[in-house]
Amino acid sequence: MLQLNYRDAKPIYEQIKEQIKRAVLSGDLTENTPLPSLRQLARDLQVSLVTTTRAYSELELEGFVQTMPGKGVYVKKINDDFIREKYVKETEKALSAAVQCGKLAGLSINDLHKILDEIERTEQ
């Protein structure tokens, strides 16, 4: 299910969180699907309980899952418009920062497009 990259600079809890979010947004995990318990996920991934707790807590804060005391953690119904708008804003913020850095480096808009195209190719 989840694949961790220990060489990635991204923290393990972020990798867990992002992979679960991606699975929810793609429809691989649907509403009311139970997720592994915190302890089970920590055991399966061979990470600390603190790591899985942080990933699940952030997923809950972002509206992707809900904890049902005594029952476990379940995928929530996702409001597609809300999620899309959130990611559009995050994308705009990241691209704005990239444009500012690019200007400082003397890059043209075409240079930025080439960099973005290359990133997109390597992310697939």
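Residues numbered from 1 in each chain as written. Predicted model: local features only at pLDDT ≥ 70, side-chain atom pairs only at ≥ 80, totals over all residues. Heavy atoms only, no water.

**What about the packing of aromatic side chains?**
This model, assessed by the stated rule, comprises zero aromatic pairs. Looking at R54, its charged tip hangs above the ring of Y13, at a distance of 3.8 Å from the centre. (Phe/Tyr/Trp six-rings, centres within 6.5 Å; stacked < 30°, edge-to-face > 60°. Lys NZ or Arg CZ within 6 Å of the ring centre and 35° of its normal.)

**Some remarks on helix α4 (residues 80-104)**
Spanning 25 residues, α4 covers 36 Å between terminal C-alpha atoms, matching the ideal 36 Å at 1.5 Å per step. Among the residues trailing α4, G106 stands out with phi positive, at a value near 80°. (Helix = DSSP H or I, 4+ residues; strand = E, 2+ residues; numbered from the N terminus. Expected span 1.5 Å × (residues − 1).)

**Concerning the pattern of salt bridges**
Considering all chains together, one arrives at eight salt bridges under this definition. Salt-bridge contacts for K17 lead to E58; the nearest nitrogen and oxygen are separated by 2.8 Å. With K17 in helix α1 (residues 12-26) and E58 in helix α3 (residues 49-61), this residue pair connects regions lying 41 residues apart in the sequence. As far as the burial class goes, K17 and E58 line up, both buried. With a shortest N-O distance of 3.0 Å, K17 and E62 are connected by a salt bridge. On the criterion of sequence distance, the pair formed by K17 in helix α1 and E62 in the loop between α3 and β1 (65-68) is long-range, its members being 45 residues apart. (Salt bridge = Lys/Arg side-chain N within 4 Å of Asp/Glu carboxyl O. Buried < 20%, exposed > 50% of the residue type's maximum accessible area, 1.4 Å probe, protein only.)

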